[in-house]
Each structure stands twice: as C-alpha cells, then as structure tokens.
Amino acid sequence: QRWIYSHDFTTHLAPPPGHTPDMGMDHFDIPTLRAAWDRLEWLDTLLADKFSRETLRAVLRYRLTRRVSCVREATYREYQHPLVRADAGDLVIDAGAFAGAPAALFLAHMGNQGTVHAFEPAPDNARRLRDRIERHAWQRRVLAVEAGVGESDGLLGFAENHASPVGSCVALHAPVQVKILSIDSYCRRLHLAPTLIKMDIEGFEPPALRGAAH
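Our subject in this report is the structure included herewith. All figures in this text were calculated on a predicted structure; none of them were measured in a lab.

**Examining the sheet that holds strand β5 (residues 154-159)**
Turning to step 1, where the next piece is worked out: The 4 strands are arranged β4-β7-β5-β6 in an open sheet whose pairing can be described as mixed. The strands lining the two open edges of the sheet, one partner per strand, are β4 (148-149) and β6 (169-170).
Turning to step 2, where the next piece is worked out: Two elements, β4 and strand β7 (residues 177-181), share 2 bridges in a ladder whose sense is parallel. Directly across from Val-149, in β7, lies its bridge partner Leu-181.

Next up, the structure:
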C-alpha cells in the first residue's frame, strides 16, 4: 500500500547482516535533520500546495521515527502531480534524465503530441538513454543532451557513482569534467519555450534554477 525509498529500507529499516551502507546515511540521522531544520521549514513555505507540504512533513516524520506508517500514499502517478504535469503538446525539459525512465512517463501522458529534451551528464547513463531512444524509436520525440544544467555554460567536475547511478552528481573537485548548459542559453539557442521543467539533479537545483530565470 505504501512505497518507500529502497535505500531507506535496506540501509536503515532492514539492513542485511554485516551490511555497511554506502549512501543515505544522513536520511535518518536526527542531529543532521535538527541542524537543517530552519532550511526545512523554509522549504515548507516555498511549496505551492497543501498536499506537497503535507507530503514533506510526512517524509520528515518517517525519517525521525522510522515508522513506515508515516509515509503518505500517493494519489497520482510519478511526474503527474495535478498542478504540475506533462500534457499533450508540451515541451518538457528533463534535467537528470537518467536512462530515460522519466521521459517514458512524460511520453505516456503526452500521447502523440509533445517532446522531451533529456539532459544527462553521466556518460554511462547518457549512453543508456541514447540506446533507449533508439530501441523505442523515440528519435522524433526525445532529444538526448549529454550535459548537465547549471547557472551558466561551461565545464564542472562530476562524480559518477557506478554502484548507484542515481547518486551521480556535480562535484567541484572530481577528476572527470562534464559539459554544463544553462536552460536559458539552451532554449534561446534553439528558440524553445518549455512548458514544463523537471529537475532531479542531486542538490544542484539552485544554480540550475538560476540558469533558468527566463
């Protein structure tokens, strides 16, 4: 009846014997949550609707108590929030496209109309994204952009997490560098007017939003 993050379960709720978690350690760390409380309250004030605020609070209760009963049941499918979702004819910027799973969800709800510009800076993920586009013949609907999104165009360090690819992220001192584009410059160059921007970029959202000011 409820979905929880798999890393939460294996790391904190039912860890295998002798298991040393490799990510998510701070999810249930009460001192970390307390130290961030002012920022969490600020985040609560930014959310546009009551349901989203209640969801954030439920996640925090879950992480403070480890009670799965605190997790709220979703009333809509992923990326189909009643107020913010892809509809027929939309032009979607998908920042943090991974291997194409979000694009597949967007396409399913846009029918035969609409396009997705899928940004993915991790080389392995970008290759899987291109393979998926070719396998499903999405060439006219999904454009793979092997780059991250940020405040301005350039190069930044990037740490690719091969053990858990969803955790790959910008890391300023990483030896590998990836291409970064601002959404504003990308859209200006291609004369695009996106109707939906989705970001799941492991904490790099603030500079990416500044690069999408227009």
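**A few points about the packing of helix α3 (residues 37-46) against helix α4 (residues 50-65)**
Turning to step 1, where the next piece is worked out: One way to put it is that α3 packs onto α4 with a least axis distance of 10 Å and a crossing angle of 155 degrees. With respect to their mutual orientation, α3 and α4 come out roughly antiparallel. Residue-level inspection shows Trp-37, Leu-40, Leu-43 and Asp-44 of α3 in contact with α4, the latter providing Arg-53, Leu-56, Arg-57, Leu-60 and Leu-64.
Turning to step 2, where the next piece is worked out: A per-class count over the contact of α3 with α4 returns 6 nonpolar, no polar and 3 charged.

**Some remarks on the packing of aromatic side chains**
Where two aromatic rings form a pair, the distance of their centres and the angle of their planes describe that pair.
Turning to step 1, where the next piece is worked out: Per the stated rule, a full pass over the model turns up 4 aromatic pairs.
Turning to step 2, where the next piece is worked out: With a centroid separation of 4.8 Å and an interplanar angle of 75 degrees, the aromatic rings of Phe-119 and Tyr-186 are classed as edge-to-face. Taken as a pair, Phe-119 in strand β2 (residues 115-119) and Tyr-186 in helix α7 (residues 183-190) lie far apart in primary sequence, 67 residues in all.
Turning to step 3, where the next piece is worked out: On the basis of relative accessible area, Tyr-186 is assigned to the buried category, the value being 4%.

**Some words on helix α5 (residues 101-110)**
Turning to step 1, where the next piece is worked out: The complete set of buried residues in α5 reads Pro-102, Ala-103, Phe-106, Leu-107 and Met-110. In an axial view of α5, the angular spread of the buried residues amounts to 135 degrees, which keeps them on one side of the axis.
Turning to step 2, where the next piece is worked out: Here the buried face of α5 lies against β1 (91-95), β2, β3 (142-145) and β8 (196-199).
Turning to step 3, where the next piece is worked out: The first or second residue beyond α5 is Gly-111, which carries a positive phi of 65 degrees.

Parameters and conventions
- Position numbers for residues start from 1 in each chain and track the written sequence from start to end.
- Reporting of local features is limited, given that this is a predicted model, to residues whose pLDDT is at least 70; pairs of side-chain atoms are given and counted only at 80 or more, and all residues count toward the totals for whole chains, interfaces and linings.
- With hydrogens and water stripped out, all remaining heavy atoms of the structure feed into the side-chain values.
- When DSSP locates at least two bridges between a pair of strands, those strands are taken to pair.
- The secondary structure listing takes helices from DSSP runs of H or I that are at least 4 residues long and strands from runs of E that are at least 2 residues long, numbered from the N terminus.
- Only C-alpha atoms enter the line fits that serve as axes; for helices the fit covers just the stretch in contact. Angles between N-to-C directions range over 0 to 180 degrees.
- Note that the term roughly parallel is reserved for angles under 35 degrees, roughly antiparallel for angles over 145, roughly perpendicular for angles of 65 to 115, and oblique for everything else.
- By definition, residues are in contact when any of their heavy atoms lie within 4.5 Å.
- Note on residue classes: Ala, Val, Leu, Ile, Met, Phe, Trp, Tyr, Cys and Pro are nonpolar, Asp, Glu, Lys and Arg are charged, and everything else, Gly too, is polar.
- Note on aromatic contacts: the rings of Phe and Tyr and the six-membered ring of Trp form a pair at centre separations within 6.5 Å, being stacked when their planes are under 30 degrees apart, edge-to-face when over 60 apart, and tilted otherwise.
- Exposure categories follow from relative accessible area, calculated using a 1.4 Å probe and restricted to protein chains: below 20% of the type maximum is buried, above 50% is exposed, and the middle band is partly exposed.
- What the arc covers is the set of directions going from the helix axis to the C-beta atoms.

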